[in-house]
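Next come the chains, spelled out residue by residue.
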Amino acid sequence: MCRPSIAVLSFIFLQQAVCAQRLMEKLDRGVVAVQNGDEVFIGWRLFATEPPTTGFNVYRADDDGEPRLLNDQPLTAGTNFVDTSGDVTDATTYFVRPVLDGQEGEPSDRRGVDRNGYLEFPIQPVDGYRAGDASVADLDGDGDYELVLHQINNPKDNSHAGLTGSPILDAYEFDGTLIWRIDLGRNIREGEHYTQFMVYDLDGDGSAEVACKTADGTVDGRGTVIGDATKDYRVRDSGSRSFGRVLDGPEFLTVFSGRTGEALQTVDYIPGRDPIDGWGGIGGNGGNDSYGNRCDRFLACVAYLDGVRPSLVMCRGVYGRTVMAAWDWRDGELRQRWVFDSGISYPPYKDASKFSGMGGHSLSVADVDADGRDEIVYQAMVVDDDGEGLYSTGLRHGDAMHVSDMYPDRPGLEVFTVQENEDDTTRFQTPGAAMRDAETGEILWSHSPGTDVGSGLAADIDPRHRGFEAWGGPGGLRDSQGESIGRAPRSSGYAIWWDGDLLRELVGRRGQVTKWDWEAEQEVPIFAVEGRGAPRGPNLIGDILGDWREEIVVASPDGKSLRIYTTTIPTDHRLYTLMQDPQYRLSITWQNVVYNKPPHTSFFLGHGMSAPPVPDIRIVGP
C-alpha cells in the first residue's frame, strides 16, 4: 500500500492513499444462503469502496410471493444474518439491500438455499483425470466469479521420471455450465512444478484473462491448435533419467480469453530451458543435474508493478539460477516489461549471484516498501517493481513462506520462511526457520541452524500473545520475539478465517477445520469437509462468497462435482470483502503455484486488530 494520510470517519480510520488507484474487478454481493438444521445462514459482501456505516436489510421470498423483510432495523454489525422462520422450500430465495442515510439501495441478486450445507455444481471430468487446483475470477465481466479448474492425470514431481497426462484447464459457471476447455497437450508435463495458470483481469477491462505456459499441440477453448500438433518432444526412452520429460522443442506463453478460452496471443516463453545443466546452485541440497529436474521448476504471479494495472510475471528456477519475466497485457498485445536473471553458475558456485538459490516452492506478491507498487517475494529474496533485486537474505531455498502484517506493533510487513538444510548445504548452518522485515530483509528472529524444516505456518491463533504465532521445526509455537510459548499445532499447511472471532483456524490435508485450544495446546475439530482436494490439500481456499470469511473448495467424493463450503457461524465482526485487499486478491491468483499456501492480507487481521485500511482501488467493469 502507499503511505497513508489518516482521517477519522465514523468509527473507522480511513486511510486514503496518496498514489494512483489500482484497477480491480467489479463484484456483486456474493450472497450465500445455507441451511443449517431449521435455520438458514445468509452472508454477503461489504465493499471496501462503500461507507463502513452502510446498513443492510435482508429479504426472503417464497414461491412468487412478495418478499418480506426479516430484520427490524438495518444491520450495521456483521454482514450475515440467521433466518429462524423455518419452512424453507426449493423456491425460497434471499437477497439484501444496502441502507445508507435511511435510504435503501439496489437489491442484490437473489440466492436460493443450499440445502446440503454447501454449494455444489457438476463438472465434466475427463476419463482418468481428477480435480486439481482451482482459481476464481470474473471471466465475463458480470460481477459473478467463475471458476477455472485444473484437471490432472498421473502428475509427476520433477525429480521423478515417467510419462504424464496432458494438463487440462476448464472454466465453469457456479451452476456447472462448462464455458470452455483448454488442453495444454502432451508437450506440457503434468505436475505441481510445471503448470502454473494465472487467472486475472490483466488489462483492466472488467473481465479476466488466463495465462500459462503452452507448447506445440496446445488446443485452446475454441479448438484451435497452437504450434504443430504432430510434434511429440517427450523423451520416450524408459531407461533414461529424462524419461517423460520435455527437453526439446519450442516453449510458449499464451494469453487466453476468459470469456471463450480462445488463444489471444502466443509468444516465446522467457527464459528458455537451455543450458539444461545451468540451473543448479546452493539451494536445496546444493546440487545440479542435466536430466531436466532443476531447469523445469516454474512459478508465476500477477503484480501491480506500476501501481495501477496488473502485470503477469512468469518465473523459472528455484535452487540456483532464477529468472522472472514481467509482461503487460495491453490493447490485445503482450509487451515485455523487464527480465530479472540471477545468472548461471556451476559447482562449487563461488561466482554465483547472491540471488541464486534463494527460491522456494511458492511465492508471494506484496508492496513491501509501501510505495504503491508491488514486489515479488521469492522465498529468501525480493525483486523490486522495476525488476531489480531489492535484497537477498542468504537464507536459501525452502518449502513454505508467509507474508503479512504479522506484528501490528511494528511498522510494515513481515515474512516467515522455513529452510532446507541437507547434504552439501548443511555446512551453511542456515536457520531452519526465520522471521524477517519484508522491506529490508532484516532477520527479526530465527532458530535451528542447520536443521532441515519441511513445513511451517504463521497465523494469529492465540489471543494471549499480540500478533501472529509462527511454527515450524523445533521449539513449538513462537511469539513475536521468536520465543517458544508451548506446543505447536500438528497442522502446518493451511489457515482459514472460519468461526466468529478474528483468530484464524487451521485446515488439515483432508479438509478438517480445527480450532487451536491454546490452554490445552491441541487442535479441536469444529467442521469436517467431505470431498477430495488437490494432491496437497483443498482445491482452493479463499473469500470467494458471502462475508469476509473464507470458503473451502473440494471435489465431491465421486469426483463428479465441486463443493464450496462456507461457514454458517454468525459473527458481529464487520470487514470489507478480503478480495478487495489487493495483496489478498493476488494471493488467490498465485495460490495454485506449486505447493499451495493460504492467502494473507496486507493488514493485520487478528485478535485486537484496528480497523483495516481502506485500499486505494478503482472498480472497473460494466
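Residues numbered from 1 in each chain as written. Predicted model: local features only at pLDDT ≥ 70, side-chain atom pairs only at ≥ 80, totals over all residues. Heavy atoms only, no water.

### Remarks on the UniProt feature "domain: Rhamnogalacturonan lyase family 11 C-terminal" (unreviewed entry) in the chain
Thought 1: The positions UniProt marks with the feature "domain: Rhamnogalacturonan lyase family 11 C-terminal" (unreviewed entry) are residues 129–615.
Thought 2: Secondary structure content for residues 129–615 is 2% helix and 33% strand, and the end C-alpha separation is 40 Å. (UniProt positions renumbered as here; feature names shortened; annotations may be inferred. Helix = DSSP H or I, 4+ residues; strand = E, 2+ residues; numbered from the N terminus.)

### Some words on the confidence of the model for the chain
Thought 1: The share of residues in the chain with pLDDT of 70 or more is 97%, and the mean pLDDT across the chain is 95.
Thought 2: A low-confidence stretch, residues 3–18 stays under pLDDT 50, and its non-local contacts, those more than four residues away or across chains, total 34 contacts. (pLDDT = per-residue confidence, 0-100. Contact = heavy atoms within 4.5 Å.)

### Examining the UniProt feature "domain: Rhamnogalacturonan I lyase beta-sheet" (unreviewed entry) in the chain
Thought 1: Look at the UniProt record and you will see "domain: Rhamnogalacturonan I lyase beta-sheet" (unreviewed entry) annotated at residues 23–110.
Thought 2: Between the end C-alpha atoms of residues 23–110 the distance is 27 Å, and the span holds 0% helix and 41% strand.

### Considerations on the sheet that holds strand E27 (residues 364–366)
Thought 1: Spatially, four strands are ordered E27-E28-E29-E30 in an open sheet, and the strand pairing comes out antiparallel. In the strand order of this sheet, the two ends are held by E27 and strand E30 (389–392), each with one partner. Strand-to-strand, the axes of this sheet are offset by a mean angle of 20°, without reference to chain direction.
Thought 2: Judged from the three bridges that link them, E27 and strand E28 (residues 375–378) form a sheet pairing that is antiparallel. When the bridges of E28 are listed, Ser-364 appears paired with Val-377. (Pairing = 2+ DSSP bridges. Axes fitted to C-alpha atoms, helices over the stretch in contact; angles between N-to-C directions.)

### Brief notes about the pairing of strand E4 (residues 32–36)
Thought 1: The buried fraction of E4 amounts to four of the five residues, a majority that puts the element mostly inside the structure.
Thought 2: Relative to strand E5 (residues 39–43), E4 runs antiparallel, the two sharing five bridges. Paired with Val-34 across the two strands is Phe-41, which belongs to E5.
Thought 3: Counting the residues that bridge the hairpin from E4 to E5 gives two residues, and of these Gly-37 lies at a positive phi of roughly 70°. (Buried < 20%, exposed > 50% of the residue type's maximum accessible area, 1.4 Å probe, protein only.)

### Considering the sheet that holds strand E40 (residues 505–507)
Hydrogen bonds along the backbone pair up the strands of a sheet, which may run parallel or antiparallel.
Thought 1: One open sheet accounts for four strands, arranged E39-E40-E41-E42; its pairing is antiparallel. Only two strands of the sheet have a single partner each, and these edge strands are strand E39 (494–496) and strand E42 (522–527). Each neighbouring strand pair of the sheet contributes to a mean axis angle of 40°, computed without reference to strand direction.
Thought 2: Bridging between E40 and strand E41 (residues 513–517) involves two bridges; their strand directions are antiparallel. For Leu-506, the partnering residue across the bridge sits in E41 and is Thr-514.

### A short note on unusual backbone geometry
Peptide bonds are mostly trans, and most non-glycine residues show a negative phi.
Thought 1: Cis rather than trans, the peptide bond between Asp-274 and Pro-275 has omega equal to -5°.
Thought 2: On the secondary structure map, Pro-275 appears in the loop between strand E22 (263–268) and strand E23 (298–303).
Thought 3: Cis geometry marks the peptide bond from Pro-347 to Pro-348, where omega comes out at 5°.
Thought 4: Within the secondary structure layout, Pro-348 lies in the loop between strand E26 (333–341) and E27.

### Remarks on the pattern of salt bridges
Thought 1: Enumeration over the complete set of coordinates arrives at 40 salt bridges.
Thought 2: With a shortest N-O distance of 3.0 Å, Arg-45 and Asp-28 are connected by a salt bridge. Within this pair, whereas Arg-45 is found in the loop between E5 and strand E6 (55–61), its partner Asp-28 is found in the loop between strand E3 (22–25) and E4, the two being separated by 17 residues in sequence.
Thought 3: With a shortest N-O distance of 2.9 Å, Asp-462 and Arg-464 are connected by a salt bridge.
Thought 4: The class for Asp-462 is buried, based on a relative accessible area of 1%.
Thought 5: Residues joined by salt bridges that share partners form a network here, namely Lys-213, Glu-251, Arg-273, Asp-296 and Arg-316. (Salt bridge = Lys/Arg side-chain N within 4 Å of Asp/Glu carboxyl O.)

### Details of the pairing of strand E15 (residues 168–172)
Thought 1: Burial runs high along E15: five of the five residues are buried.
Thought 2: Where burial is concerned, the two faces of E15 agree: the one with Ile-168, Asp-170 and Tyr-172 and the one with Leu-169 and Ala-171 are both buried.
Thought 3: For strand E14 (residues 146–152) and E15, the ladder comprises five bridges, and the chain directions are antiparallel. Bridge pairing in E15 places His-150 opposite Leu-169.
Thought 4: Connecting E15 to the antiparallel partner strand E16 (residues 178–183) that follows it, the hairpin turn spans five residues, and Gly-176 within it adopts a positive phi of roughly 95°.

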